[in-house]
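Close look at the chain arrangement
Residues per chain, in single letters:
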Amino acid sequence: MSLGKRCRVAPALVLSLFVFSFLAFSNTQVAALGEQPIYSPITECADGNCSGYTNSQVSFNDYHDKLPKINDYGDVVWQGRSASEDYEIFFKAGDSMIIEQITENEFDDIYPMVNDLGEITWMGHNGTDWDIYLNSSGNSTKISHNTMDDLFPKINNLGDVVWLAVDGHDYEIYQYSSGNSTQITDNEVNDVQVRLNDSGDIMWRSLAEMSSDIFLHSGTETTQINSDDLFDHNPQLNNNADLVWEVADGNDCEIVVKLASDPVPVQITDNETEDWFPMINSAGVVVWQGSDGNDFEIYAYSNGVISQITDNDFDDLSPQINDTGDIAWLAMGDATSGIGIYLYQTSNQTISKLSDTFTGHYDSVPDINNDGKIVWSGWDGNDFEIITASAPNSVHDDVYFQPRTVNLQSGGKGFAAVIDLPLPYSAADIDPASVAITMISSGDAPSSPLVDPLYSTGKYKVGDFDDNGIVEMIISFDRQALIQLLEPLGIGVFDLSIAGKLYDGTTFPGVNSIKVVDQKSSKLKIAKIPVLKLKEKTSKN
């Protein structure tokens, strides 16, 4: 299935397009890029997935969770349609099992973004117009202050936010930095598709009636990158202020690169088919979706060479690339066996299919962080939920519970988790107030995180209680509160998931089994159940 062409231009523009000078976009120029991976030869896994990645469902509810984004610490943010039928913003920190609802109101909150500080920005409706919001250190603040629509924010790791807003007759670019909001552009054209890097550079597309050009704002200076009669689309930049975009050449769209070190842009494709949605990583590697005449495939530009990553009978779309050169994308089409989320790994130069069999609802475009962790929105049979995929973890955390059998008729008060952390971490550094039981699950049945996690009582002790050379924390929970959670589930073996933080903000997960019985104490026989060793990675939050 081909998605067709969208880069053809109006006949009135043909004359000006034919007289366009290619001096600035010479195909004989080769961009002098940094150290980059080689993308050939490429092997598609015979069994579909040789990545070693496993998928985890993050959200469990009865409504749609969409547009997930992930930062380099594994924090995930998304929009979910709540019971009140409007979209709200949700957040999960790293490997924690706790989902935090950031907004709760009667209007839509959408298009969330998260930086590596865990700061979140989004656009929210106030009943009259759209505004931009920022959640930092747990506090949400409106950072746009006007009566016009403020749209599509981006955030960097400095905590700066940029967005576009209508000033009464066209779109302009605005920036929030160090507590102040500033209007970056003020002209008679539409400034759209704004981008932001971690150096504070701002890139956008300025759309006039007969053409559009690319602009870069760095410090206090704004530079027009190109000036021609063509339409430029989908600009992107990396942290070095290397730029990439697509240009309509009168017949189709081609890919253009402008490195910060080069005086002029370089057109890196020149063909008779469409090339769309380019992305660029910190090494200057460019990826995009390009038509091979039958459908869209994934291409990469690295070391001055274009490599075709995919070659199949369906559309491979919207590639995302991280700084190691790994690529994730969405496949769509009529060949249902091939539809889903894919990953190209530079470490073994293989392509793996990550998502499950196509169910009639397409997955969303994925996001990938610099650790290679991927997030997308996928159909669970009833609605869209948030899914993550990551490589096997090499760090093992251990937790077990005392007692390991819980009697629903017990009047006892004590229940404890015993937690070990691997070096260089120490259980002595755990903040006891942060430790909570976050989910109760049975076998392979889908389970939801607890709406109200069961936090510890705050009573704990720390020491090497089993003489294995590793410090443990034994932390107490209210057994009667736990029984109230267990009673609706009945008897059997259940997995209890816990989560907590160290004092420095590092998060950790834990899971192990307990047996639940419902007997009078005189008939109770304590059964032995296996201790499940954790296989989760400790991650910075």
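Residues numbered from 1 in each chain as written. Predicted model: local features only at pLDDT ≥ 70, side-chain atom pairs only at ≥ 80, totals over all residues. Heavy atoms only, no water.

Right, let's get into the nonpolar core. Ranked by size, the top nonpolar core spans 28 residues in total, and within it Phe-415, Ile-419, Ile-430 and Ile-437 carry the most contacts. For this core, the secondary-structure elements that each account for two or more residues are strand E34 (398-402), strand E36 (414-420), strand E37 (436-441), strand E38 (449-455), strand E40 (472-478), helix H2 (479-486), strand E41 (492-501) and strand E42 (507-517). Ignoring any residue separated from it by four or fewer positions in sequence, one finds Ile-419 in contact with Asp-398, Val-399, Ala-427, Ile-430, Val-435, Val-471, Glu-472, Met-473, Ile-475, Ile-498 and Phe-508. Of all hydrophobic cores here, the second largest spans 26 residues; its members include Trp-130, Leu-151, Val-162 and Ala-165. (Core = buried A, V, L, I, M, F, W, Y, C linked by side-chain atoms within 4.5 Å. Buried < 20%, exposed > 50% of the residue type's maximum accessible area, 1.4 Å probe, protein only. Helix = DSSP H or I, 4+ residues; strand = E, 2+ residues; numbered from the N terminus. Contact = heavy atoms within 4.5 Å.)

What follows covers the packing of aromatic side chains. Throughout the structure, instances matching the rule amount to 13 aromatic pairs. Between the aromatic rings of Trp-122 and Tyr-133, the centroid separation amounts to 5.7 Å while the plane-to-plane angle is 10°, which identifies the pairing as stacked. Taken as a pair, Trp-122 in strand E8 (residues 120-125) and Tyr-133 in strand E9 (residues 130-136) lie far apart in primary sequence, 11 residues in all. Accessibility assignment for this pair places Trp-122 and Tyr-133 in one class, buried. When the ring of Trp-204 is compared with that of Phe-215, the centres are 5.9 Å apart and the planes differ by 5°; the resulting orientation is stacked. Of this pair, Trp-204 sits in strand E16 (residues 202-207) while Phe-215 sits in strand E17 (residues 212-218); the two residues are 11 residues apart in sequence, bridging distant segments of the chain. (Phe/Tyr/Trp six-rings, centres within 6.5 Å; stacked < 30°, edge-to-face > 60°.)

As a further point, take the sheet that holds strand E31 (residues 367-368). Spatially, the four strands line up as an open sheet ordered E2-E33-E32-E31, and their pairing is antiparallel. Each edge of the open sheet carries a strand with a single partner, namely strand E2 (54-57) and E31. As paired strands, E31 and strand E32 (residues 374-379) are joined by two bridges and run antiparallel to one another. Note that in E32 the partner of Asp-367 across the bridge is Val-375. (Pairing = 2+ DSSP bridges.)

Attention now goes to the sheet that holds strand E12 (residues 161-166). Ordered by their spatial adjacency, four strands build an open sheet running E11-E12-E13-E14, and the pairing between neighbours is antiparallel. Two strands lie at the open edges of the sheet, namely strand E11 (150-155) and strand E14 (180-183), each paired on one side alone. For this sheet, the mean angle separating the axes of adjacent strands, direction not counted, is 25°. As judged from the four bridges shared by strand E13 (residues 171-177) and E14, these two strands associate in the antiparallel manner. Paired with Tyr-176 across the two strands is Ser-181, which belongs to E14. (Axes fitted to C-alpha atoms, helices over the stretch in contact; angles between N-to-C directions.)

Turning next to the state of the cysteines. Taken as a whole, this structure holds one disulfide when the rule is applied. Between Cys-45 and Cys-50 runs a disulfide, and the two sulfur atoms are separated by 1.7 Å. Residue class for Cys-50 comes out partly exposed when judged on its relative accessible area of 34%. (Disulfide = S-S within 2.5 Å.)

Before going further, it helps to spend a moment on a nonpolar patch on the surface. Nonpolar side chains collect at one region of the surface, where Tyr-460, Val-462, Val-471 and Tyr-503 lie side by side and expose about 370 Å² of accessible area between them. With respect to the helices, strands and loops of the structure, Tyr-503 is situated in the loop between E41 and E42. Residue Tyr-503 is classed as exposed on the basis of its relative accessible area, which comes to 55%. (Patch = residues over 30% accessible without salt bridge, like charges linked within 9 Å, V, L, I, M, F, W, Y side chains within 5 Å. Areas by Shrake-Rupley, 256 points an atom, 1.4 Å probe, with all protein chains shown as cover. Salt bridge = Lys/Arg side-chain N within 4 Å of Asp/Glu carboxyl O.)

As a further point, take the pairing of E17. Of all the seven residues making up E17, six are buried; the element is thus mostly covered by neighbouring parts of the structure. Here E16 pairs with E17 via six bridges, running antiparallel. Its bridge partner lying in E17, Trp-204 is registered against Phe-215. Alignment of E17 against strand E18 (residues 221-224), held across four bridges, turns out to be antiparallel. Bridged to Ser-218 within E18 is Glu-221.

The next point concerns H2. In an α-helix, one turn spans 3.6 residues, which is why side chains three or four residues apart end up on the same side. For H2, the full list of buried residues reads Arg-479, Leu-482, Ile-483 and Leu-486. An end-on view of H2 places all buried positions within 105° of arc, on one side of the element. (Arc of directions from axis to C-beta.)

For the protein chain, per-residue confidence averages 85 on the pLDDT scale, and 86% of positions sit at 70 or higher. Counting contacts from residues 8-34, a segment whose pLDDT is below 50, to residues more than four positions away or on other chains yields 49 contacts. (pLDDT = per-residue confidence, 0-100.)

Note on placement: Thr-350 falls in strand E30 (residues 350-353). Only 2.6 Å separates the side chain of Thr-350 from the side chain of Asn-348, close enough to count as a polar contact. Excluding anything up to four places from it in sequence, Thr-350 contacts Thr-43, Cys-45, Cys-50, Leu-343, Tyr-344 and Gln-345. (Polar contact = N/O pair within 3.5 Å; in protein donor to acceptor, adjacent residues only side chain to side chain.)

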